[in-house]
Amino acid sequence: MNKESLEKQSWLQLISIQIGGAVCLPVLMIGQELGKTYGFSHALLAIIIGNSVLCVLGIINAIMAHATKATTIQNALRYFGGIGAHLLGIIMTTSLVGWFALQLIVISLSVQKSASLMFGITPQLMTLNIIIGVIISIVAVFGIKTLDVLSRISMPLLIGVLAYATYQAYGSGITPSITGKSYYHGVSLVMAAAILAVVDLPTYYRFARTKRAGIGSIILFFLLALPLLEYAGVYIGTHTNGNSLVDALIGTGGIIWQGAVVSFLVLAGWTTNNTNLYSATVVLEQLLPKSSLVLRTLVLGFAGTILSCLDILSSYEEVLNGMGILISSMGGVIAIQYLLQHINTHSCQHVSTISIASWASGVIGGLLSMNNILMFTDVPILDAFIIALISVVIFSSLTKGILCKKLPKTCSNL
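Here goes a summary of the coordinates provided. All of these numbers come straight from a predicted model, not from anything done at the bench.

**Overview of the side chain of S217**
Inference 1: Among the structural elements, S217 can be located in helix 9 (residues 211-238).
Inference 2: In this structure, S217 is in contact with W11, L14, I15 and Y205, ignoring residues within four places of it in sequence.

**Overview of the environment of T377**
Inference 1: Structurally, T377 can be placed in the loop between helix 14 (351-370) and helix 15 (380-406).
Inference 2: C-alpha of T377 to C-alpha of V187: the two residues are 190 residues apart in sequence and 8.8 Å apart in space.

**Re unusual backbone geometry**
Inference 1: Phi is positive for K69, close to 55°, though the residue is something other than glycine.
Inference 2: Examined against the element boundaries, K69 turns out to sit in the loop between helix 3 (40-68) and helix 4 (72-119).
Inference 3: Backbone geometry places N372, a non-glycine residue, at a positive phi of 60°.
Inference 4: Take N372: it is sitting in the loop between helix 14 and helix 15.

**A closer look at a nonpolar patch on the surface**
Inference 1: Taken together, the side chains of W11, L12, L220, L224 and L228 present a nonpolar region at the surface, about 460 Å² in accessible area.
Inference 2: Elements supplying a minimum of two residues to the nonpolar patch: helix 1 (11-22) and helix 9.
Inference 3: Considering every element that reaches the nonpolar patch, the biggest residue donor is helix 9, with three residues.
Inference 4: Its location among the elements puts L228 in helix 9.

**Thoughts on the nonpolar core**
Inference 1: Residues Y205, F222 and F264 are the most contacted members of the largest nonpolar core, which totals 69 residues.
Inference 2: Tallying contributions element by element places helix 11 (residues 255-287) first for this core, with 13 residues.
Inference 3: Beyond its immediate stretch of four places on either side in the chain, F222 contacts N51, L54, C55, V198, L201 and P227.
Inference 4: One finds A85, I336, V351 and V392 within the second-largest nonpolar core, a separate group that totals 24 residues.

**Regarding the packing of aromatic side chains**
Inference 1: In this structure the tally under the stated criterion is six aromatic pairs.
Inference 2: Look at F40 and Y235: their rings are 5.9 Å apart centre to centre, the planes differ by 70°, and that puts the pair in the edge-to-face class. With F40 in helix 3 and Y235 in helix 9, this residue pair connects regions lying 195 residues apart in the sequence.
Inference 3: Y235 sits in the buried class, given a relative accessible area of 11%.
Inference 4: A centroid spacing of 5.5 Å and a plane angle of 45° characterise the contact between Y204 and Y278, whose relative ring orientation is tilted. Here the residue Y204 occupies a position in helix 8 (residues 202-205), and Y278 occupies one in helix 11, the gap between them amounting to 74 residues. For the pair shown, Y204 and Y278 are each scored as buried.
Inference 5: What links up through ring pairs into an aromatic cluster is the set F40, Y231 and Y235.

**What about helix 5 (residues 125-139)?**
Inference 1: Look at helix 5: 21 Å from first C-alpha to last across 15 residues, which is about the 21 Å you get at 1.5 Å a residue.
Inference 2: Buried-residue contacts for helix 5 involve helix 4, helix 11 and helix 12 (293-308).

**Notes on the environment of D200**
Inference 1: Position of D200 among the secondary structure elements: in the loop between helix 7 (184-199) and helix 8.
Inference 2: In this structure the C-alpha to C-alpha distance between D200 and S279, which are 79 residues apart in sequence, comes to 7.8 Å.
Inference 3: Filtering out sequence-adjacent residues up to four positions away, D200 remains in contact with T72, M92 and S279.

**Regarding the environment of L287**
Inference 1: Turning to its location among the elements, L287 is positioned in helix 11.
Inference 2: L287 sits 202 residues away from A85 along the chain, and the two C-alpha atoms are 9.1 Å apart.
Inference 3: Residue contacts for L287: discarding those within four places in its chain leaves H86, G89, I90 and T93.

**Thoughts on helix 4**
Inference 1: The terminal C-alpha atoms of helix 4, which comprises 48 residues, lie only 45 Å apart, well short of the 70 Å expected from a rise of 1.5 Å per residue.
Inference 2: Along helix 4, the largest kink reaches about 135° and is centred on G81.
Inference 3: Phi turns positive one or two residues past the end of helix 4, at G120, with a value near 75°.

Rules used in this analysis
Residues numbered from 1 in each chain as written. Predicted model: local features only at pLDDT ≥ 70, side-chain atom pairs only at ≥ 80, totals over all residues. Heavy atoms only, no water. Helix = DSSP H or I, 4+ residues; strand = E, 2+ residues; numbered from the N terminus. Contact = heavy atoms within 4.5 Å. Patch = residues over 30% accessible without salt bridge, like charges linked within 9 Å, V, L, I, M, F, W, Y side chains within 5 Å. Areas by Shrake-Rupley, 256 points an atom, 1.4 Å probe, with all protein chains shown as cover. Salt bridge = Lys/Arg side-chain N within 4 Å of Asp/Glu carboxyl O. Core = buried A, V, L, I, M, F, W, Y, C linked by side-chain atoms within 4.5 Å. Buried < 20%, exposed > 50% of the residue type's maximum accessible area, 1.4 Å probe, protein only. Phe/Tyr/Trp six-rings, centres within 6.5 Å; stacked < 30°, edge-to-face > 60°. Expected span 1.5 Å × (residues − 1). Bend = angle between axes of the 7 residues up to and from the residue.

Everything listed here is a matter of coordinates, which is why it stays silent on function.
Written as structure tokens, this is what we have:
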């Protein structure tokens, strides 16, 4: 256990880090997509229902994190054994570096568009990627303290820009279109957008000062902060004429407003990428325990920066979705295993076998969903999570029944 793991975070520090990671253009764009696809009222209902379910899952992970003081990958080691935990570590590291690269491109595109509008110059995207990526990587060396400080500094600007953009949209006179489409798939979109963050909550909530602080910040984040962010995207997207959310934010107002917007987009992407990079370094610590924090951070940050400059990112979305299936199904297994062990108050010797079998079931179900063969929610990542969770319950019950038949005396301990 390193020195950083001994630090304690209040509920305000915990939620500011989560908000810093959530306030990014992709989250706002999800709100915009919900509004344009399902209509204003249905989008709002989807946001409420989806985040309520995520809140329940988040509370379970927050309680587990406070009790075990373990990261996501350390919990995976407890329930899956060494092979499963190392596989998850590789998948999570690759996925987080990929998201770092994608978010870096969003930041650079925002700067490029803003520079073109404000100053009439268009800097090269690759140059911006390298400059911004190196800066983010160097700052991230300072670990979770940096996340806390950067979130506190950027929070007033983030809130101010979103509030004023919403006010501008309110005065635009544009009426949102009404659609009769069901909000069901909108709920799935809301959950899919944040389910990977829910799986990785223990990495941050092991720092919670108290269990109440962790639970309180989860409730505030998923039932208030995140819904408001997504709702802002819905409102701005449905009350403005821009082709994209960047156009809607930058396209109105003078140079002062445009400067504030580009600062918002850069800081929002920066805090999100700091979160991605920090999570990746924590995971990589379990794979390369002898490596230093500085080395892990710089290597991963530079890898993400290089990846952002390559053309392969145009087809990287499918790869990320595949890795999301692997991660979300493992997250479901970890959460339900923790609950079952506390409900049954026993330690099952077959827990790793059950976990691996349940994980495999979730992965298979998610891949079938991705190929439109077997679908529950129309979102493969969420389908994988649900199938894995249900599989743990079924396999645990079957194992318990078999043991009771073969060894009746052990049933009293199960």
